[in-house]
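# Descriptive structure summary
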Amino acid sequence: MLLKITDLKKQFNGQQILNGIDLSINKGEVVVIIGPSGSGKTTLLRNLNFLEQADSGLMEFAGEKINLAQATKSEIQMVRRKTAMVFQNYNLFKNKTAQENIAEGLIYGHGENAKTANQKAVQALKNLGLDKRKDYYPSQLSGGQQQRIGIARATVLNPEIILFDEPTSALDPELVGTVLKDIQQLAEQGQTMIVVTHQMWFARNVASRVLFFADGEIIESGTPVQIFEHPQKQRTKQFLNALADNY
Ligand SMILES: Nc1ncnc2c1ncn2[C@@H]1O[C@H](COP(=O)(O)OP(=O)(O)OP(=O)(O)O)[C@@H](O)[C@H]1O
Ligand SMILES: [Mg+2]
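Residues numbered from 1 in each chain as written. Chains lettered and ligands numbered in written order. Predicted model: local features only at pLDDT ≥ 70, side-chain atom pairs only at ≥ 80, totals over all residues. Heavy atoms only, no water.

Per an unreviewed UniProt entry, the protein chain carries the name Amino acid ABC transporter ATP-binding protein and comes from Limosilactobacillus vaginalis.

Pasting the structure below:
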């Protein structure tokens, strides 16, 4: 097992947002989280790499046991070095080029020298067919290109796990496919990942496991067939029916 979370809890302003999350992930697994808006999906991802600090809970990661509420600086640094996050709004540095955005984490997060970091950045852009855009700033790139650079920025770090938070929800419909194909390709190469998405075809086709999340809890978890064809819980059925009504 690569990552195990036990009884993670988080409140904001006295309101319980995460209600005791238990989650285990094996190497190479693609865990897709679906669920209603406001249920705590983003908060969960942010707690996993300490963008927020949990009120309580335990993390076992890469052989270390970490008390989430009392994690030390070095524990937080270890987790951050072995994870990467891809955000809904790309979060690229606006005053840095595509290449610089990708090289940045290698230089400042992983202590690589600038030359190697830039070589890796250029190679990553070539792999995406975006090498002609290496000197472009985010404002000169389409949303799809920016997000693909966001993904390249995560993958060059060679993380144990990539956390994707609705990576395509800010994109025009015709760009969603290209970005999800990049993510699917990473999954097929064995990259461990947690993906929060509203794209149900991605959940059906790429997930090794789907978690249905609502009201700060994992309501139900299973294979795509179990969750989409044979949901057991009323709350899951209700969510899937509401989605079906929108099509
Ligand atoms: N920093 C914060 N301070 C206070 N409340 C917060 C904070 N971050 C999130 N919340 C609250 O936590 C709840 C869960 O938010 P979260 O963003 O995790 O939901 P989500 O499932 O990702 O929703 P969506 O699908 O819309 O992205 C919301 O009620 C939100 O208002
Ligand atoms: Mg969210």
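## Focus on the overall build of the protein chain
Scanning the protein chain from terminus to terminus reveals 9 helices and 10 strands. Scaling as 2.2 N^0.38, a compact globule of 247 residues should have a C-alpha radius of gyration of about 18 Å, and the protein chain matches this with 18 Å. Along the three orthogonal principal directions, the C-alpha set of the protein chain runs to about 55 × 45 × 35 Å. Of the contacts formed within the protein chain by residues at least 6 apart in sequence, a portion of 63% connects residues at least 24 apart. Carbon and sulfur atoms form 44% of the exposed surface of the protein chain, whose accessible area is close to 12,100 Å². Put simply, the protein chain has 27 plus and 25 minus side-chain charges, and the middle of one group is 5 Å from the middle of the other. (Helix = DSSP H or I, 4+ residues; strand = E, 2+ residues; numbered from the N terminus. Rg over C-alpha atoms; globule rule 2.2 N^0.38 Å. Contact = heavy atoms within 4.5 Å. Areas by Shrake-Rupley, 256 points an atom, 1.4 Å probe, with all protein chains shown as cover. Lys, Arg positive; Asp, Glu negative; His and termini not counted. Charge placed at Lys NZ, Arg CZ, Asp CG, Glu CD.)

## Let's talk about the side chain of Gln 145
Checked against the element boundaries, Gln 145 lands in helix H5 (residues 143-155). Gln 145 sits in the buried class, given a relative accessible area of 19%. (Buried < 20%, exposed > 50% of the residue type's maximum accessible area, 1.4 Å probe, protein only.)

## A closer look at the UniProt feature "domain: ABC transporter" (unreviewed entry) in the protein chain
Taken from the UniProt record, the annotation "domain: ABC transporter" (unreviewed entry) applies to residues 3-240. Taken end to end, residues 3-240 is 39% helix and 26% strand, and its two terminal C-alpha atoms sit 28 Å from one another. (UniProt positions renumbered as here; feature names shortened; annotations may be inferred.)

## Things to note about the environment of Val 31
Position of Val 31 among the secondary structure elements: in strand E3 (residues 30-34). Accessibility expressed as a relative area gives 0% for Val 31, which makes it buried. A sequence separation of 132 residues divides Val 31 from Leu 163, and the C-alpha atoms of the two residues are 9.7 Å apart. Discounting residues that sit within four places of it in the chain, Val 31 has contacts with Ile 25, Met 193, Ile 194, Val 195, Arg 209 and Leu 211.

## A closer look at the nonpolar core
Counting residues in hydrophobic clusters, the biggest one holds 49 residues, and the most contacted among them are Val 32, Ile 34, Ile 149, Phe 164, Ile 183 and Met 193. Ranked by residues supplied to this core, first place goes to helix H6 (residues 173-188) with 6 residues. When neighbours within four sequence positions are excluded, Ile 149 is seen to be in contact with Leu 92, Ala 98, Ile 102, Leu 125, Leu 130 and Leu 141. Listed in part, the 30 residues of the second largest apolar core include Ile 25, Val 31, Ile 66 and Phe 213. (Core = buried A, V, L, I, M, F, W, Y, C linked by side-chain atoms within 4.5 Å.)

## Some words on the sheet that holds strand E2 (residues 15-25)
One open sheet holds the 4 strands; their spatial order is E2-E1-E4-E5, and the pairing between them is antiparallel. The two strands at the open ends of the sheet, each matched to only one other strand, are E2 and strand E5 (64-67). Each neighbouring strand pair of the sheet contributes to a mean axis angle of 15 degrees, computed without reference to strand direction. Pairing between strand E4 (residues 56-61) and E5: 4 bridges, direction antiparallel. Directly across from Glu 60, in E5, lies its bridge partner Lys 65. Along the sheet face, helix H1 (residues 41-48) touches strand E1 (3-12), E2 and E4 and points at about 120 degrees away from the line of E1. Strand contacts of helix H2 (residues 73-82): E4 and E5, with the helix running at about 120 degrees to E5, the strand carrying the most contacts. (Pairing = 2+ DSSP bridges. Axes fitted to C-alpha atoms, helices over the stretch in contact; angles between N-to-C directions.)

## Thoughts on the pairing of E3
By the criterion of burial, E3 is predominantly enclosed, with 5 of the 5 residues buried. The alternating pattern of E3 places Val 30, Val 32 and Ile 34 and Val 31 and Ile 33 on opposite faces, both of which are buried. Summarising the sheet, E3 and strand E8 (residues 192-196) pair through 4 bridges and their orientation is parallel. Among the inter-strand pairings, Val 30 is bridged to a residue of E8, identified as Met 193. As defined by bridge partners, E3 adjoins strand E9 (residues 209-214) across 4 bridges and the pair is classed as parallel. Directly across from Val 32, in E9, lies its bridge partner Val 210.

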